[in-house]
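So the chains spell out like this:
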Amino acid sequence: MANILGIDLGTTYSAMARLDENGTPLIVENSDGENLTPSIVEFAGKNSIIIGTEAKKAMIISDDKKQKESFAMDAKREIRINSDKTWKANGVEHSPTSISSLILKYLKESFEKQYGEIDSAVITIPANFKNQARSATVEAANKAGLENVELIDEPTAAAFAYAFSSGKRLNGNYVIYDLGGGTFDVSIAQIKGKDIKILAKEGIGELGGRDFDHALYELIAKKFKNETGKNLSYKEVDRVLNIEEQKKSLSKRDLKVNLSIRGKGAADFKITQ
């Protein structure tokens with residue numbers, strides 16, 4: 001059986017999968033033993049690049065100036081909107097495509113350490129990625145050393161995954177929502193067995209988990225200011241509370257927040273679901 005690497009190159013997290021000898025899709029862990037890889041690149045030194053969880057940890061505790069100079073994130077968003085944004089580190093400018101290629105290279109090398117040389121790769125992309133974004137994704141994969149690359153729309157992949165996991169033979173029209181870390185897409189798919197046709201698709205390039213994080217931060221900062229009269233930056237709140245984890249907790253219960261910031265005071269308040 002061919003050695004095929006499946007990649008979800010996400011705005012906030014990326015993941016890998018492979019087919020076992022029975023053709024069953026399985027998640028592949030990265031070199032750090034994790035199922036998910038934060039899509040964050042840290043330029044730790046002139047010849048040192050760190051990708052994933054450790055980069056994310058370092059970014060959280062960094063100050064704003066260091067974050068701007070040493071970390072790159074949200075590359076998929078920038079590719080999607082054909083952005084001219086660049087990240088400059090150690091005198092070198094990096095485009096969204098080159099940042100994506102660094103993440104893909106890390107995933108590729110993690111896979112090869114466990115399963116050997118890759119025959120081909122399949123990368124999922126939002127259904128309404130324009131031609132420019134599709135070409136940039138393939139270019140990033142080629143730069144990472146992936147030669148035989150195919151792209152598959154995320155709703156199509158979701159339809160296949162659902163059909164596989166449910167054991168059902170799908171026949172009809174289906175609405176598929178893809179709410180990711182940075183983007184939100186909706187597709188209507190006509191499915192007859194293994195034939196999938198996308199009838200309609202629409203999406204928002206800047207709506208996802210990252211935006212919910214910022215919305216929660218704004219609520220926390222507003223309540224803190226009402227109590228203390230002081231303004232807080234995102235990083236000040238995130239260092240103490242880990243906003244992403246608080247967001248996840250909010251899915252299950254109201255939040256009781258106890259927030260103390262040196263030099264700015266302390267406040268207790270609740271945020272409801």
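Details of the structure are given in the entry above.
Residues numbered from 1 in each chain as written. Predicted model: local features only at pLDDT ≥ 70, side-chain atom pairs only at ≥ 80, totals over all residues. Heavy atoms only, no water.

(A) Representation of the sheet that holds strand β6 (residues 48-51) in the model. Here three strands make up an open sheet; going across it, the order is β6-β5-β7 and the pairing antiparallel. Taken across any chain shown, the strands that pair with only one partner, and hence form the sheet edges, are β6 and β7 (71-72). As judged from the four bridges shared by strand β5 (residues 41-45) and β6, these two strands associate in the antiparallel manner. For E42, the partnering residue across the bridge sits in β6 and is I50. Set on the sheet, helix α4 (residues 96-115) makes contact with β5, β6 and β7; between it and β5 the angle comes to about 90°. (Pairing = 2+ DSSP bridges. Helix = DSSP H or I, 4+ residues; strand = E, 2+ residues; numbered from the N terminus. Contact = heavy atoms within 4.5 Å. Axes fitted to C-alpha atoms, helices over the stretch in contact; angles between N-to-C directions.)

(B) Summary view of the pairing of strand β16 (residues 265-271). Note: strand β15 (residues 255-261) against β16, seven bridges, orientation antiparallel. Bridging from a neighbouring strand, I261 pairs with G265 of β16. Hairpin geometry of β15 and β16 is characterised by an intervening segment of three residues between the two adjacent antiparallel strands and by a positive phi of about 85° at G263.

(C) Molecular detail of the packing of α4 against helix α5 (residues 131-143). Axis separation between α4 and α5 bottoms out at 8 Å; the angle between their running directions is 50°. In terms of axis orientation, α4 runs oblique to α5. Crossing handedness for the pair α4 and α5: right-handed. Two secondary-structure elements touch here, α4 through T97, S100, S101 and L104 and α5 through A136, E139, A140, A141 and K143. In terms of residue class, the contact of α4 with α5 is built from four nonpolar, three polar and two charged. (Parallel < 35°, antiparallel > 145°, perpendicular 65-115°, else oblique. Left-handed = near helix turned anticlockwise from the far one by under 90°. Nonpolar A, V, L, I, M, F, W, Y, C, P; charged D, E, K, R; others polar.)

Keep in mind these values describe shape, not function.
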